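# Tertiary structure, described
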Amino acid sequence: MRIASRGIPLLVACLALAYPWLVPNYYLVYAGALTVMYAAMSTSWNLLGGFTGYVSLGHSAFFGLGAYGTGLLIVRLGVPWVAALLVSAVAVTVFAVFVGVAAVRVRGASFVIVSIALVSMMNLVVQGWRSLTGGSTGLQVPSPFPDLHRGQTHIVFFYLFLALLGLALLSWWYVSRSRFGAGLRAIREDEDKAESLGVPTGAYKVTAFALSALFVSLAGGLYAVWFGSLDPIFVFSILIGSYMVLMSLLGGVRHLFGPLLGALIVAPAGEYFLIALGETQIHLTATGLLLVLVVLFMPDGILARFTRRRAGPSIPDETAEQRLQEVTR
Amino acid sequence: MVSLLLQGLALGVLTGGLYALLASGLSLYFGVMRVVMVAHPAFLFLAAYLTYTVHTTLGVDPFLALPVTVPLFFALGVAVQRLLIARLAPDNLAMMSVLLTFGIALTIEGLLGTIYTGSYKSVSMGYATKSLTIGGVHLPYDKIIAFLVAALTLAVLFAVLVKSRFGQALRATIQHREAARLVGIRTERVAGYGFGVGLATAAVGGTVLALITPFFPASHWVWIGKLMAIIVVGGLGSVTGAALAAVLLGVVEGLVLVTVDATWATTMFYVFLFLTLLARPQGFFGGRLAHRF
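All of these numbers come straight from a predicted model, not from anything done at the bench.

Attention shifts here to the interface of chain B and chain A. Across the contact, 45 residues belong to chain B and 48 residues belong to chain A. For the pair chain B and chain A, the summed buried surface comes to about 4,100 Å²; carbon and sulfur atoms form 77% of the total. Contact with chain A buries area across many residues of chain B, yet B:Met95, B:Leu99 and B:Phe274 alone supply 17% of it, more than any other trio. On the surface where chain B and chain A come into contact, there are 4 residue pairs in polar contact (both at pLDDT 80 or more). Elements that contribute at least two residues to the side of chain B that touches chain A include exactly helix H4 (93-116), helix H9 (220-234) and helix H11 (262-279) of chain B. A per-element tally of the side of chain B that touches chain A places H4(B) first, with 17 residues. Class assignment for the residues of the side of chain B that touches chain A results in 29 nonpolar, 11 polar and 5 charged.

Here the focus is the pattern of salt bridges. In the structure shown here, the tally under the stated rule is 6 salt bridges over all chains. The partner of A:Lys193 in a salt bridge is A:Asp190, and the shortest N-O contact between them spans 3.8 Å. Between B:Lys226 and B:Glu253 there is a salt bridge, with its nearest N and O atoms 2.9 Å apart. Pair noted here: B:Lys226 is in helix H9 and B:Glu253 is in helix H10 (residues 239-259), with a separation of 27 residues, a long-range link. On the basis of relative accessibility, which here comes to 8%, the residue B:Lys226 falls in the buried class. On the basis of relative accessible area, B:Glu253 is assigned to the buried category, the value being 9%. Among the charged side chains, a network of salt bridges with common partners joins A:Arg188, A:Glu189 and A:Arg254.

The next thing to look at is the packing of aromatic side chains. Applying the stated criterion across every chain, the model contains 33 aromatic pairs over all chains. Seen from their ring centres, A:Tyr27 and A:Tyr30 are 5.8 Å apart, and the 40 degrees between their planes marks the pair as tilted. Placement of the pair is A:Tyr27 and A:Tyr30 together in helix H2 (residues 26-52), with a separation of 3 residues, close to one helical turn. Under the relative-accessibility criterion, A:Tyr30 is labelled buried at 18%. Here the aromatic residues A:Tyr27, A:Tyr30, A:Phe63, A:Trp81, A:Phe157, A:Phe161, A:Tyr223, A:Trp226, A:Phe227 and A:Phe234 are joined through ring pairs into a cluster of three or more. Lying over the aromatic face of B:Trp223, B:Lys226 brings its terminal NZ or CZ to 5.1 Å of the ring centre.

Moving on: the pairing of strand S2 (residues 137-140) of chain B. Residues and elements named next belong to chain B. Of the two faces of S2, only the one carrying Val137 and Leu139 is buried; His138 and Pro140 on the other face are not. Here strand S1 (residues 131-134) pairs with S2 via 4 bridges, running antiparallel. Bridge assignment links Ser131 to a residue of S2, and that residue is Pro140. Counting the residues between successive antiparallel strands, the hairpin from S1 to S2 contains 2 residues, one of them, Gly135, with a positive phi of roughly 55 degrees.

So, how was this worked out
- Throughout this document, residue positions are counted from 1 along each chain, in the order its sequence is written.
- For this description, chains carry letters from A and ligands carry numbers from 1, given in the order in which they are written.
- With the structure being a predicted model, the display of local features is reserved for residues of pLDDT at least 70 and the display and counting of side-chain atom pairs for 80 or more, all residues being used for whole-chain, interface and lining totals.
- Only hydrogens and water are set aside; all other atoms, that is, all heavy atoms of the structure, feed into the side-chain values.
- We call two residues contacting when some pair of their heavy atoms lies within 4.5 Å.
- Accessible-area loss on putting two parts together, using a 1.4 Å probe and summing over both, is the definition of buried area adopted here.
- Definition of a polar contact: a pair of N or O atoms within 3.5 Å, with one able to donate and the other able to accept a hydrogen when the atoms are protein atoms, and with sequence-neighbouring residues admitted only if both atoms are side-chain atoms.
- Think of it this way: any DSSP run of H or I at least four residues long counts as a helix, any run of E at least two long counts as a strand, and we number them from the N terminus.
- When residues are grouped by polarity, Ala, Val, Leu, Ile, Met, Phe, Trp, Tyr, Cys and Pro land in nonpolar, Asp, Glu, Lys and Arg in charged, and all others, Gly among them, in polar.
- By salt bridge we mean one thing: a side-chain nitrogen of Lys or Arg within 4 Å of a carboxyl oxygen of Asp or Glu.
- For every residue, the accessible area (1.4 Å probe, protein chains only) is compared with the maximum for its type, and the residue is labelled buried under 20%, exposed over 50%, or partly exposed between those bounds.
- Note on aromatic pairs: the rings of Phe, Tyr and Trp (six-membered ring only in Trp) are paired at centre separations within 6.5 Å, and the planes decide the class, stacked below 30 degrees, edge-to-face beyond 60, tilted for the rest.
- By definition here, charges over rings are those cases where NZ of Lys or CZ of Arg is within 6 Å of the ring centre and within 35 degrees of the ring normal.
- Pairing between two strands requires that DSSP report at least two bridges joining them.

So, in structure tokens, the structure goes:
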């Protein structure tokens, strides 16, 4: 068991590194890079969702802000792309701290509402601020590697997203072993009790929120320079945010590799639906049905099936105590 | 300037009435099941498209679709509650129900996009283009009709909730589920019917929306934001609070619409949402939960 738990990730890592050279065409490299991008984002999402149980459907707000921040710095100010990526990621993280202070005041369903509102609001602002962002026509970002052709660019970004995924996985692993991680888990199990035991719940929640926003915005920035054109309707879509949730839930929010596993299933499936079913929007239906099925029948994820440790539901949000208070108030 | 503000105020009150109707469904779901139903606006546009189909194939007035869509949506609501929502584990109901209804919303959006394509559709009647002018203020007839239909539906809803035996059982279930069960109310069944009534209001709202605005499958996202803002400002689960917040936000939207622009008008909903959460997370009207209607 121990050899398997060490060996399998190592094997998968080697396969991932060799992937662009194993596949027969550049399209599959592109699909691979996209999958790794989603894996990195859902792992980042899980830094908040998996530890604290706070479900954010609006993390695409940070994806879009990272993308637009990077794109605007390159296009409007001529900043080199790496600097633009890092500066915008820091800016988005600071923004996430401010949003987090307001957002984590509310629990359960209200938090989800706030997260949906955040992405809708960003979408409106970016589309409305035509002079800066180009409005609904979008923003064109020049390629950072003009000498490479499209296929080679896909290979470069495959490895960049892979590095980001590694960073996100490492952070999750590190947090899961730290005192900070234990505090976040305590928040998930019973926030009031955690508070009374001296866990600085507010600061912890905001930190987790900002940390997960940081990685998602880096993914957005990389996406901006990779794709070269930003469409506000796509980068600020609730669909991207819901992909992160779906992937994490499907794989298992309590596990390091859960979101990665979910991404490996959902992202290729999404791409396949897009190609097989063409321009129709039936792929939305496929995603929606998958989400319904996961929530109804597998809320703890695939990985929970393979590990024996099971302790309660993955995302409890109302304890018996809270209910009692509600009734007696 | 004064007439401009009056115009904004009048339009705001008219659309606020419609918002009140649309948000009342959300309050019902939250009341009976503690569920935030993200799919409500998706059902709205399902109703709008059904109205569109009835209107274009049969050429009849959109409101004649109501005898079909209202019972259909009632049955759909009962089915959604019985077959899906009721299956969720109670200890993580709020979060999981959001994800579940979110999945339903995506499913509906995808189906609508596949059947009707992603382009704008609209139902325009002869009376929709005319408007009533009182003292320099133009009131479009379609908005007036929308307001009247919304007011009538809300009045019926209130009458049902206050007068009928079913309404009493529903309110008892909302107030205290366990106690309601103790006095012999079949709360599961009542919760199902509560969902049905909620979705029936979506059928009416969707028909009205089809009449007053062009729509496409993804339009429901905008409405999720607006309606969520309304029920949070109003206080989750309170129908009265939702109605007051709906009119308030409708008026704010109308005033910003005539003085600034449409983007800022829509942004106002989110501004109010965030301000409410910072100042009074339980909402400004109606309190924590609906104790009375």
